[in-house]
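# Working through the structure, step by step
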Amino acid sequence: VSVLDTATNTITATIGGFASPWGVASSPDGTRAYITNLFGNTVSVLDTDATSPGYNTVTATIGGFTNPFGVAVTPDGTRAYITNEGGTSVSVVDTDPTSLGYNSVTATIAVTASPEAGLAVSPDGTRAYITNSDSNTVSVIDTDPTSLGYNTVTATIGGFRNPDGVAVSPDGARAYIINGNRFGGTVSVIDTATNTITATIGGFDDPSAVAVSPDGSRVYVANYGGDTVSVVDTAT
């Protein structure tokens, strides 16, 4: 894993000890990064606190996964959700340093089939969206600890084609889902209030990843096939 200084755009460190690292997500306070080791069936915890004696070292390795792929941390920094591509589940990791279960898997949630790297938690921390490529669906998980349905699948949305990347708008009202290129190379828009597809956007070249701007006005789609990035106006 390389560490990039964003002020100078230079690599300042290269950290080893991973096994086919794939997904990465940071804690909201910027002190930890969680890296999925696809073929190691583990998740590495990286100290990213520049003031810490353990800065840029792996401080924990968490096991109990099956080809862990995508990872997302909740906005309050207390949980990480990990997709198990080699199975049909999503694992929940306790990421609260004050908790007795810190850095352990606390729940395993069944989803439809073969969850991909596509995984995003809503800005309010109450829902997670997981893309399931083999079943062409998106699973919605209740991630609100105060809810009766906590850590269960509350909806399964169909109508996708080889769904992959996913991103949620800052207001939580929409989720953007990548549909693989061999099935048209499109992006589906989900209304998160109704869990329905409200639009399908075309014109991409093997899209693979998606991100929303902080103000929600633009969506950026990485085109793996075209070596380009497409910019979508979310108002139109």
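Our structure's up above, just so we're on the same page.
Criteria and thresholds
Per chain, residues are indexed from 1 in the order of the written sequence. Totals for whole chains, interfaces and linings use all residues, but because this is a predicted model, local features are given only for residues with pLDDT of at least 70 and pairs of side-chain atoms are given and counted only at 80 or more. Based on all heavy atoms of the structure, the side-chain values leave hydrogens and waters out of the count. Strand pairing requires that DSSP identify at least two bridges connecting the strands. Numbering of helices and strands starts at the N terminus; helices are DSSP runs of H or I of at least 4 residues and strands are runs of E of at least 2. Think of each axis as a best-fit line through the C-alpha atoms, taken over the contacting stretch in the case of a helix, with angles from 0 to 180 degrees between the N-to-C directions. Burial classes follow relative accessibility: with a 1.4 Å probe on protein chains only, a residue under 20% of its type's maximum area counts as buried, one over 50% as exposed, and anything between as partly exposed.

## Regarding the sheet that holds strand β17 (residues 186-191)
The strand order β15-β16-β17-β18 describes an open sheet built from four strands, whose pairing is antiparallel. Both edges of this open sheet fall to β15 (163-168) and β18 (196-201), since each of them pairs with a single strand only. Neighbouring strand axes in the sheet, compared pairwise and without regard to direction, differ in orientation by 25 degrees on average. Relative to strand β16 (residues 174-179), β15 runs antiparallel, the two sharing four bridges. Paired with valine 166 across the strands is isoleucine 177, a residue of β16.

## Description of the sheet that holds strand β21 (residues 228-233)
Read across the sheet, three strands follow the order β19-β20-β21 without closing on themselves; strand pairing throughout is antiparallel. Taken across any chain shown, the strands that pair with only one partner, and hence form the sheet edges, are β19 (207-212) and β21. Ignoring strand direction, the axes of neighbouring strands in this sheet form an average angle of 25 degrees. Relative to β21, strand β20 (residues 218-223) is paired through six bridges, and the arrangement is antiparallel. Counted as the bridge partner of valine 219 is valine 232 from β21.

## Let's talk about the pairing of strand β12 (residues 127-132)
Every regular strand shows the same layout, with side chains that alternate between the two sheet faces. Here β12 lies mainly inside the structure; five of its six residues are buried. In terms of strand pairing, strand β11 (residues 115-121) meets β12 through four bridges, oriented antiparallel. Note that in β12 the partner of alanine 120 across the bridge is tyrosine 129. As judged from the six bridges shared by β12 and strand β13 (residues 137-142), these two strands associate in the antiparallel manner. Bridge assignment links isoleucine 130 to a residue of β13, and that residue is serine 139.

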